[in-house]
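Understanding the architecture of this molecule
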Amino acid sequence: MAASAAPGGPRNETNPEWGGFEENIQGGGSAVIDMENMDDTSGSSFEDMGELHQRLREEEVDADAAAAEEEDGEFLGMKGFKGQLSRQVADQMWQAGKRQASRAFSLYANIDILRPYFDVEPAQVRSRLLESMIPIKMVNFPQKIAGELYGPLMLVFTLVAILLHGMKTSDTIIREGTLMGTAIGTCFGYWLGVSSFIYFLAYLCNAQITMLQMLALLGYGLFGHCIVLFITYNIHLHALFYLFWLLVGGLSTLRMVAVLVSRTVGPTQRLLLCGTLAALHMLFLLYLHFAYHKVVEGILDTLEGPNIPPMQRVPRDIPAVLPAARLSTTMLNSTAKVVAVTLQSH
Amino acid sequence: MAEATESAGDGGAASPRPLFAGLSDITISQDIPIEGEITIPMRSRIREFDSSTLNESVQNTIMRDLKAVGKKFMHVLYPRKSNTLLRDWDLWGPLFLCVILALMLQRDAVDSEKYGGPQFAEVFVTLWFGAVTITLNSKLLGGNISVFQSLCVLGYCILPLTVAMLICRLVLLVELGPVNFLVRLLVVILMFAWSVVASTAFLADSQPPNRKTLAVYPVCLFYFVISWMVLTFTPQ
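Note that the structure is a prediction, hence the values are computed from the model and not measured.

Quick look at the overall build of chain B now. Summing up its helical and strand segments, chain B has 12 helices and 0 strands in all. Its helices and strands taken in sequence order, chain B reads α-α-α-α-α-α-α-α-α-α-α-α from the N to the C terminus. In chain B, the proportion of contacts linking residues at least 24 apart, taken out of those at least 6 apart, comes to 75%. When the accessible surface of chain B is split by element, carbon and sulfur atoms take 69% of a total near 13400 Å².

Structure representation (structure tokens):
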């Protein structure tokens, strides 16, 4: 061992374990990024920045390890076997310590890794919010999706607050203990669940979209929901809700559908992907409205009735049949009214 | 001193073989014990300081901490450009406020089974979860503020809303009605604005100037949810 460890000699022969350490360190560094970036068509710089950041750090680690080992090589050549052994043990200790430290650092640096996705200006967020309501009819070329998480996250939190607001206005009969949890669970569950489901479908249908883009797309799609729910929780008018549901919710859904269509090839795949997304998105708005709005009406009904004790209802317990059944009749009514009004005005 | 003798021995062994470039650094490190002796008086002084706080009566210690907390309350009530809230952060004030608010928001034990008002745990978790979320958001946006500083500021700025809750409970003792509701609404809106203004006065400087809006928005949302809880509270 001592003879082969000439200064400047090949380092890997001297100590093969160190190569292992080096690989370990690299593995630790590369395990940090979770957001993949297989898409070149997005044109957004955030993904590139994340990748660049990670690559830079790996290079730094490499350079450090190389420098340390060069020093070791010189040292080992001059000293005796005993010194080399102690040095080697010390080095292994040092490497292990360094590995642990780098792991701890990479845990903390997860925040830094996420930071590029939050790198936005207020003007950008504003324009993206507006754009989420404007469908673009461009099918031949894949449309851009900004891979950013600030807007979606804030919209989800806003939706949580609006849901809480809606639940609170529907009096206190709902169990409050589940109220906050229900709101957060519903919103985050929808956002993350539907995003991953559509991402899975997109993978099956060979659509060109990443998980990050899916999260951003669906997150900004919730802007329409926020507007509609905020208005209709305060103004209890069914015709108004259906109008908003079709107009605002429809616009934001159309926007998402247009983006997905432009990134998918083949009519069957397009139909499957977009049909699922559109149905889920529109039905979610209906669910949110009726699950927490019908409660008010139910309470009003029971209060008006003679001495019937108000039923204790958890918002989730409301059967889906009720809104659906009422929907068909009221929707027909409202559309008939709208048609009548338009006829009268002409 | 043991280190010094060891390193001196190494230096002696190294001197016949001057080829070692690495060991010459070790001889330089002999200076360290001298530095250490220089720092010793400082340490003893610190020890004296420590022993002085150990020897003081419990009353003095508590009073000093209470004064610090009270001073921070004054900073929140009269927000001005100052770093006191940021520099010596503590979580005592937020804890007090949080517990008081949660206790006041909790309905009477008998009714809580039946009507299920906002429970203590719900309010408590909402407050801390919200504060942590805002802090994470401000860190992600690139703000140069530590986690506990942000938690401290957000927690202390609940004070106006706690006052609003107190006023609301007092107002609710009088008979209910639209006037009663209007009074509560006005109080809550005023205190909500106060909370937001106070917290942004402390937090906005830590953000890059072009992103203040992005950092302030979740703060508004957070205080909005709390004030909504305060406003909708009615004892059964």
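Back to the text.
Moving on, we get to the nonpolar core. Of all hydrophobic cores here, the largest spans 74 residues; its most connected members are Y150, L159, L217, L218 and L260 of chain A. Only α6 (122-131), α7 (150-169), α8 (179-204), α9 (211-234), α10 (238-262) and α11 (267-304) of chain A together with α12 (212-231) of chain B provide two or more residues apiece to this core. In terms of residue count, the dominant contributor to this core is α9 of chain A (14 residues). Ranked by size, the runner-up nonpolar core spans 43 residues in total, among them L86, M104, V123 and F202 of chain B.

Take unusual backbone geometry next. The phi dihedral of N206 of chain A falls on the positive side, at around 60°, and the residue is not glycine. Relative to the assigned elements, N206 of chain A resides in the loop between α8 and α9.

With that out of the way, let us pick up the UniProt feature "transmembrane region" (unreviewed entry) in chain B. Residue and element names in this part refer to chain B. Per the UniProt entry, the sites bearing "transmembrane region" (unreviewed entry) are residues 89-105, 117-136, 148-174, 181-203 and 215-234 in this numbering. Secondary structure within residues 181-203 divides into 100% helix and 0% strand; the distance between the first and last C-alpha atoms comes to 32 Å. Annotated as residues 215-234, this span is 85% helix and 0% strand, and its ends, taken at the C-alpha atoms, are 32 Å apart.

Residue and element names in this part refer to chain B. With their axes 9 Å apart at the nearest point, helix α9 (residues 147-156) and helix α11 (residues 178-203) run at an angle of 160° to one another. Comparing the axis directions of α9 and α11 gives the class roughly antiparallel. Every pair of crossing elements has a handedness; the one defined by α9 and α11 is right-handed. Seen from α9, the contacting residues are S150, V153 and L154; seen from α11, they are S199, F202 and L203. A breakdown of the residues in the contact of α9 with α11 according to their chemical character gives 4 nonpolar, 2 polar and no charged.

Here the focus is the environment of L217 of chain A. Residue and element names in this part refer to chain A. Residue placement: L217 occurs in helix α9. With a relative accessible area of 6%, L217 lands in the buried category. With 85 residues separating them in the primary sequence, L217 and S132 have C-alpha atoms 8.3 Å apart. When near neighbours in sequence (up to four residues on either side) are disregarded, L217 contacts I145, I209, M256, V259 and L260.

Residue and element names in this part refer to chain A. Assignment of secondary structure puts Q143 in the loop between α6 and α7. Exposure remark for Q143: the relative accessible area of 3% places this residue in the buried category. Those residues in contact with Q143, other than ones at most four positions away along the chain, are I136, M138, A258, V259, S262 and R263.

Turning to a nonpolar patch on the surface, a few remarks are in order. Residues and elements named next belong to chain B. Taken together, the side chains of V58, I62, M63, L66, W92, L95, F96 and I100 present a nonpolar region at the surface, about 750 Å² in accessible area. At the level of secondary structure, the elements contributing two or more residues to the nonpolar patch comprise α4 (58-77) and α6 (92-105). Position of L95 among the secondary structure elements: in helix α6.

Reading guide: rules and limits
- Residues numbered from 1 in each chain as written.
- Chains lettered and ligands numbered in written order.
- Predicted model: local features only at pLDDT ≥ 70, side-chain atom pairs only at ≥ 80, totals over all residues.
- Heavy atoms only, no water.
- Helix = DSSP H or I, 4+ residues; strand = E, 2+ residues; numbered from the N terminus.
- Contact = heavy atoms within 4.5 Å.
- Areas by Shrake-Rupley, 256 points an atom, 1.4 Å probe, with all protein chains shown as cover.
- Core = buried A, V, L, I, M, F, W, Y, C linked by side-chain atoms within 4.5 Å.
- Buried < 20%, exposed > 50% of the residue type's maximum accessible area, 1.4 Å probe, protein only.
- UniProt positions renumbered as here; feature names shortened; annotations may be inferred.
- Axes fitted to C-alpha atoms, helices over the stretch in contact; angles between N-to-C directions.
- Parallel < 35°, antiparallel > 145°, perpendicular 65-115°, else oblique.
- Left-handed = near helix turned anticlockwise from the far one by under 90°.
- Nonpolar A, V, L, I, M, F, W, Y, C, P; charged D, E, K, R; others polar.
- Patch = residues over 30% accessible without salt bridge, like charges linked within 9 Å, V, L, I, M, F, W, Y side chains within 5 Å.
- Salt bridge = Lys/Arg side-chain N within 4 Å of Asp/Glu carboxyl O.

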